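Structural overview for review
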Amino acid sequence: MNFWLISLLLTLFVAFICFYPLLSNRREKADSLKRDELNKAFYFNRLKEIEEDEQRGLLENSQQLKTELQQALLEDIPKKSNAEKTNKHYGKIWFFSGFLTLAIIAPLAYMSVGSWQEEIILEKTYEKLPHFYERVKEEESKPLDENELQQFATALRLKLQKEPNNAADWWTLGQIAMNLNKGQLAFDSFSQANKLAPENIEYKLSFARILMFSEDQSDKQKGVELLKEVLRIDHTNMQALSLLAFQYFESEEYKMAAVTWAMMLRLMPENDPRVPLIEKSIRAARDAIKEDNK
């Protein structure tokens, strides 16, 4: 309703600007004044000629000529007035015709090329948000397909426009963006979630993970700091230890990598399927240390 009211007011404004000259009679008034001056000049000039001819004795019916001259001047006034009324009448007709044409063309143009259809689709997608929340609970048995993920992301972004301080929805949007391979969206979403809830370990880990895979060294360093913050809160957090060990190994800090993996190994039960991989990683770090010492 507000949209159509605004559109109507805008149409009226544009029509007023475009067609106002048709209602204005300033030009006609200026032409009328100019014509009056010319008629008066002609009248007095002709009157002067008649008086001069009368003084010379060239005219016998000078009074009749003066009367006819006055009558001609008076007859021109109603003609001029009728012309002004006619022009003003046609100006109003053209104004209302132009306004009606604009009022008809504007909605038709918007209906054909406007974004109203997209707005309706977005609104319907937003209304499906509770359905997507329920679908997430079935993610392990029935994963969301790419189309559902796209719709879920769109619905969340619409919700976050209204509730920008909802850290949980920012984190969820980041998770969806990761599944859709939208790195920048994931980065921004995890960053916002961590900013809104800095004590939440899960949000901190998600943001650190995406920072660790950045090509920017300052991002990697920020990711390391976040992992250390997590370990200060929970020194047994396996995700933080694993990411930190990997970063140490990648940056050729092999001793720190080996120590971190060894710490993980002590925290794991003996039958953990990850034990062989951790042991292999420790051996790789120690071999790299030996190579550096040669």
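Here the structure is a predicted model, which means the values were calculated and not measured. (Residues numbered from 1 in each chain as written. Predicted model: local features only at pLDDT ≥ 70, side-chain atom pairs only at ≥ 80, totals over all residues. Heavy atoms only, no water.)

1. Brief notes about the overall build of the protein
A tally of helices and strands in the protein yields 13 helices and 0 strands. Secondary structure elements of the protein, listed N to C terminal, follow the sequence α-α-α-α-α-α-α-α-α-α-α-α-α. Counting the 294 residues in the protein, one finds 31% classified as buried. Looking at the protein alone, contacts between residues at least 24 apart form 46% of all its contacts between residues at least 6 apart. (Helix = DSSP H or I, 4+ residues; strand = E, 2+ residues; numbered from the N terminus. Buried < 20%, exposed > 50% of the residue type's maximum accessible area, 1.4 Å probe, protein only. Contact = heavy atoms within 4.5 Å.)

2. Some points on the nonpolar core
With 49 residues, the main nonpolar core has Phe152, Leu173, Ile176, Leu227, Trp261 and Met264 as its most contacted residues. There are two domains that each give this core at least three residues, and those are domain 1 (114-234) and domain 2 (235-293). Excluding residues within four positions of it along the chain, phenylalanine 152 makes contact with Leu129, Phe132, Tyr133, Val136, Leu144, Thr172 and Ile176. (Core = buried A, V, L, I, M, F, W, Y, C linked by side-chain atoms within 4.5 Å. Domains from an automatic or database assignment.)

3. Considerations on the side chain of serine 214
The residue serine 214 is located in the loop between helix 9 (201-212) and helix 10 (217-233) in this model. The buried category is assigned to serine 214, whose relative accessible area is 16%. In contact with serine 214, other than residues within four places in its own chain, are Asp219 and Lys220.

4. Let's talk about the environment of valine 224
Summarising the element assignment, valine 224 is placed in helix 10. Judged by relative accessible area, valine 224 falls into the buried class, the value being 7%. Each C-alpha atom of the pair valine 224 and glutamine 247 lies 7.8 Å from the other, and the pair is 23 residues apart in sequence. Leaving out residues up to four positions away in the same chain, valine 224 has contacts with Met212, Leu244 and Gln247.

5. What about unusual backbone geometry?
It is generally the case that most residues other than glycine have a negative phi and that most peptide bonds are trans. One non-glycine residue with positive phi stands out, namely asparagine 181, at about 60°. Within the secondary structure, asparagine 181 is located in the loop between helix 7 (167-179) and helix 8 (183-196). The exposure class assigned to asparagine 181 is exposed, which follows from its relative accessible area of 71%. Here the phi dihedral of glutamate 252 falls at roughly 65°; this positive angle occurs in a residue that is not glycine. Turning to its location among the elements, glutamate 252 is positioned in the loop between helix 11 (238-250) and helix 12 (254-267). Residue class for glutamate 252 comes out exposed when judged on its relative accessible area of 56%.

6. Quick notes on helix 7
An α-helical turn contains 3.6 residues, so any two residues separated by three or four positions project in the same direction. Along its 13 residues, helix 7 runs 19 Å from first to last C-alpha, staying within 8% of the 18 Å computed at 1.5 Å per residue. Where helix 7 is buried, its residues contact helix 5 (129-136), helix 6 (146-162), helix 8 and helix 9. (Expected span 1.5 Å × (residues − 1).)

7. A short note on the UniProt feature "repeat: TPR" (unreviewed entry) in the protein
Mapped onto the present numbering, the UniProt feature "repeat: TPR" (unreviewed entry) falls on residues 167-200. The span residues 167-200 is 79% helix and 0% strand, and its two end C-alpha atoms sit 10 Å from each other. (UniProt positions renumbered as here; feature names shortened; annotations may be inferred.)

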